[in-house]
Amino acid sequence: MNLPELETEALKLPVAERARLAETLLESLDELSDEEHRRLWTEEATRRDAELDADPSRGRPAEDVFRDARARLR
C-alpha cells in the first residue's frame, strides 16, 4: 500500500482511532536521531517548495501569514 492509499484508509477510521494513530505516529518521531529529523525536515521543505513552484497561486504573502499568526496568538 502506498502513502496516499494509507492516508485514505486512515481517514476512514473513527475519530478516536485516528487520534490514537496520530499519537502513535508522533511518538515514533521522538525516537529519531537528529540526523533523521534534519533529513525529514529537508525533504518536507523540498516538497513544499516544489508544490509552490508548480502552483504559485497557492502561496500567500508573508505579511498575511504573519498577521494571521499574530491574531491567533492573541
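Residues numbered from 1 in each chain as written. Predicted model: local features only at pLDDT ≥ 70, side-chain atom pairs only at ≥ 80, totals over all residues. Heavy atoms only, no water.

Where an unreviewed UniProt entry is consulted, the chain appears under the name Addiction module protein, with the organism given as Sorangium cellulosum.

Caption draft 1: Highlighting the overall build of the chain. Within the chain, the regular secondary structure consists of four helices and zero strands. Each helix and strand of the chain, placed in order from N terminus to C terminus, yields the pattern α-α-α-α. For 74 residues, the compact-globule estimate of 2.2 N^0.38 gives 11 Å, and the chain exceeds it by more than 25% at 16 Å. Its C-alpha atoms give the chain principal-axis dimensions of about 35 × 30 × 25 Å. Out of the 74 residues in the chain, the part that is buried amounts to 1%. Only carbon and sulfur atoms are counted for the fraction: they give 56% of the accessible area of the chain, which is about 7000 Å². Positive and negative side-chain charges in the chain, numbering 13 and 20 respectively, have mean positions lying 7 Å apart. (Helix = DSSP H or I, 4+ residues; strand = E, 2+ residues; numbered from the N terminus. Rg over C-alpha atoms; globule rule 2.2 N^0.38 Å. Buried < 20%, exposed > 50% of the residue type's maximum accessible area, 1.4 Å probe, protein only. Areas by Shrake-Rupley, 256 points an atom, 1.4 Å probe, with all protein chains shown as cover. Lys, Arg positive; Asp, Glu negative; His and termini not counted. Charge placed at Lys NZ, Arg CZ, Asp CG, Glu CD.)

Caption draft 2: Spatial organisation of the layout of surface pockets. If you add up the space inside the largest pocket, you get close to 340 Å³. What lines the largest pocket is a set of 13 residues, among which L3, E7, L21, A22 and L25 lie closest to the centre. Of all the secondary structure elements, the ones that give two or more residues to the lining of the largest pocket are α1 (3-10) and α2 (15-29). Class assignment of the residues belonging to the lining of the largest pocket gives a composition of 10 nonpolar, one polar and two charged. Taken together, L29, L32, H37, L40, W41 and E44 make up the full set of residues lining the second largest pocket. The element that contributes the greatest number of residues to the lining of the second largest pocket is helix α3 (residues 34-54), accounting for four residues. (1 Å grid on protein atoms, 1.4 Å probe; cavity = no way out; pocket = protein on both sides within 12 Å on 5 of 7 lines; lining within 4 Å. Points joined across faces, edges and corners; volume = space filled by probe spheres on them. Nonpolar A, V, L, I, M, F, W, Y, C, P; charged D, E, K, R; others polar.)

Caption draft 3: Structural detail: a negative patch on the surface. On the surface, E23, E27, D30 and E31 cluster together to form a negatively charged patch. Within the element layout of this structure, E31 appears in the loop between α2 and α3. Given the relative accessible area of 69%, E31 is considered exposed. (Patch = residues over 30% accessible without salt bridge, like charges linked within 9 Å, V, L, I, M, F, W, Y side chains within 5 Å. Salt bridge = Lys/Arg side-chain N within 4 Å of Asp/Glu carboxyl O.)

Caption draft 4: View of a nonpolar patch on the surface. Together, M1, L3 and L6 make up an exposed nonpolar region whose accessible area comes to about 360 Å². Following the sequence through the fold, L3 ends up in helix α1. Taking the relative accessible area as the measure of exposure, L3 reaches 55% and is therefore exposed.

Caption draft 5: Inspection of the domain arrangement of the chain at higher detail. Here the domain parsing of the chain yields domain 1 (1-30) and domain 2 (32-73). A straight line from the C-alpha centre of domain 1 to that of domain 2 covers 22 Å. (Domains from an automatic or database assignment.)

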